Protein chains: 2
Amino acid sequence: MKHTVMERWDPDAMADFFKILGDKTRLRILMELLSGSLCVMHISERVGMSQSATSHQLAILRRADLVRVTRKGKTLVYAISDEHVRLLLDMAILHLGEEKE
Amino acid sequence: MKHTVMERWDPDAMADFFKILGDKTRLRILMELLSGSLCVMHISERVGMSQSATSHQLAILRRADLVRVTRKGKTLVYAISDEHVRLLLDMAILHLGEEKE
DNA sequence: TGCTCATATGAATAACGGTTCATATGAATG
DNA sequence: CATTCATATGAACCGTTATTCATATGAGCA
């Protein structure tokens, strides 16, 4: 059978989920975090955005459970919370890399 | 090695791609098409949108190579063009179905 | 070849989302 | 316990985008 987990799904929830991945800045943050955990300052440096903008985006990623926070002394360390993310991004890259036959 | 196809990627292109999936209407269209090909009228009936709105969204899906068109007599029949789509949606559902531990 | 029906397209409007700027919060350390 | 430093939050602004309405297109069929 082709339709495995497709039976029950919430279009709104799924749209919200993809919307979160549909932003350059958030994708760059995720990509940086895939290489290892980072604090907010370092993230904002790497993606070249202000501290505020970065924090706003991290809040969105946090709410979607895509990143996870832990405190390390005075700073907050962000990390990827879910391995599905890597798979999703892999699959998107595969799709984008394809020719139109 | 964890990072398979991650080395080279275009954040803009990927964001654009996810943006397309980040819309309730387009997701519903894709879901309907996963069960089989349909003409525009039938699609608009099933998703409960006007013919015009549906056509606009189909154009976007077409440009992203997520759907494919063929003519059948007087009508245009739309179909999923790529099996990656099903996998992507599956994975999103998996992520959404998880508890926050 | 001209009509018709399915679909596409354009302009306009309204809603949404990301960044900035200014400021609040609150844990850690002295 | 007060101060400081990292991070979060709120409001405002502006660009983007989905829908509607009106109309254009163009393939198929008489």
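It should be noted that the structure appears before, not after, this text.
Residues numbered from 1 in each chain as written. Chains lettered and ligands numbered in written order. Predicted model: local features only at pLDDT ≥ 70, side-chain atom pairs only at ≥ 80, totals over all residues. Heavy atoms only, no water.

**Quick look at the overall build of chain A**
- The helix and strand inventory of chain A stands at five helices and three strands.
- From first element to last, N terminus to C terminus, chain A shows the α and β order α-α-β-α-α-β-β-α.
- Within chain A, the proportion of its 101 residues that are buried is 48%.
- For chain A, long-range pairs separated by at least 24 residues make up 49% of all intrachain contacts whose partners lie at least 6 apart in sequence. (Helix = DSSP H or I, 4+ residues; strand = E, 2+ residues; numbered from the N terminus. Buried < 20%, exposed > 50% of the residue type's maximum accessible area, 1.4 Å probe, protein only. Contact = heavy atoms within 4.5 Å.)

**Overview of the pairing of strand E3 (residues 75-80) of chain A**
Residues and elements named next belong to chain A.
- As judged from the two bridges shared by strand E1 (residues 38-39) and E3, these two strands associate in the antiparallel manner. Bridged to Cys-39 within E3 is Val-77.
- Strand direction decides the pairing type here: strand E2 (residues 67-72) and E3, joined by six bridges, are antiparallel. The partner of Val-69 across the bridge, within E3, is Tyr-78.
- Two successive antiparallel strands, E2 and E3, enclose a turn made up of two residues, where Gly-73 displays a positive phi of approximately 70°. (Pairing = 2+ DSSP bridges.)

**Some words on the sheet that holds E1(A)**
Residues and elements named next belong to chain A.
- The three strands are arranged E1-E3-E2 in an open sheet whose pairing can be described as antiparallel. Looking at the sheet topology across the chains shown, the edges are occupied by E1 and E2.
- Lying on the sheet, helix H2 (residues 24-34) is in contact with E1, E2 and E3; it crosses E3 at an angle near 90°.
- Across the sheet, helix H4 (residues 51-63) lies against E2 and E3, angled at about 115° from E2, the strand it touches most. (Axes fitted to C-alpha atoms, helices over the stretch in contact; angles between N-to-C directions.)

**Quick notes on the nonpolar core**
- Core analysis: the largest hydrophobic core is formed by 58 residues, its most contacted members being Phe18(A), Leu66(A), Phe18(B), Leu21(B) and Leu66(B).
- Among residues more than four places away in sequence, those in contact with Phe18(A) are Leu88(A), Phe18(B), Leu21(B), Gly22(B), Leu27(B), Leu88(B), Leu89(B) and Ala92(B). (Core = buried A, V, L, I, M, F, W, Y, C linked by side-chain atoms within 4.5 Å.)

**Some words on helix H5 (residues 84-97) of chain A**
- Between the first and last C-alpha of H5(A) there are 20 Å, a value that for 14 residues agrees with the 20 Å anticipated at 1.5 Å per step.
- Most of H5(A) sits inside the fold, with ten of its 14 residues counted as buried.
- Within the span of H5(A), buried status applies to His84(A), Val85(A), Arg86(A), Leu88(A), Leu89(A), Asp90(A), Met91(A), Ala92(A), Ile93(A) and His95(A).
- Packed against the buried residues of H5(A) are helix H1 (11-21) and H2 of chain A together with helix H1 (11-21) and helix H5 (83-97) of chain B. (Expected span 1.5 Å × (residues − 1).)

**Side note on the relation of the copies chain A and chain B**
- If you rotate chain A by 180° and push it 0.0 Å along the axis, it lands on chain B with an RMSD of 0.1 Å. Taken together, the rotation and translation relating the two chain copies correspond to the operation of a two-fold axis.
- Taken as a fraction of all interface residues of chain A, those also at the interface in chain B reach 100%, which identifies the copy contact as same-surface. (Least-squares fit on C-alpha atoms with pLDDT ≥ 70 in both.)

**Points about the interface of chain A and chain B**
- Every contact between the two is made by 44 residues of chain A and, on the other side, 44 residues of chain B.
- Here chain A meets chain B over a buried area of about 4300 Å², counting both sides, of which 71% is carbon and sulfur.
- Viewed at the interface, chain B and chain A are joined by two salt bridges.
- A salt bridge links Asp12(A) to Lys24(B), with the nearest nitrogen and oxygen atoms 3.9 Å apart.
- If you look at where chain A meets chain B, you find zero residue pairs in polar contact (both at pLDDT 80 or more).
- Of all the secondary-structure elements, those providing two or more residues to the side of chain A that touches chain B are H1, H2 and H5 of chain A.
- For the side of chain A that touches chain B, the element with the most residues is H5(A), which contributes twelve residues.
- By residue class, the composition of the side of chain A that touches chain B is 23 nonpolar, six polar and 15 charged. (Buried area = accessible area lost by both parts, 1.4 Å probe. Salt bridge = Lys/Arg side-chain N within 4 Å of Asp/Glu carboxyl O. Polar contact = N/O pair within 3.5 Å; in protein donor to acceptor, adjacent residues only side chain to side chain. Nonpolar A, V, L, I, M, F, W, Y, C, P; charged D, E, K, R; others polar.)

**Re the packing of aromatic side chains**
- Going through the model one piece at a time under the given rule, you end up with three aromatic pairs over all chains.
- Arranged with centres 6.1 Å apart and planes meeting at 15°, the rings of Phe18(A) and Phe18(B) form a pair that is stacked. Note that Phe18(A) is positioned in helix H1 and Phe18(B) in helix H1, a pairing that runs across two chains. (Phe/Tyr/Trp six-rings, centres within 6.5 Å; stacked < 30°, edge-to-face > 60°.)

**Some remarks on the side chain of Ser44(A)**
All names here are of chain A.
- Note on placement: Ser-44 falls in helix H3 (residues 40-47).
- You can call Ser-44 buried: its relative accessible area is 9%.
- Excluding its chain neighbours within four sequence positions, the residues that come into contact with Ser-44 are Met-49, Ser-50, Gln-51 and Thr-54.

The analysis is restricted to geometry; functional conclusions fall outside its scope.
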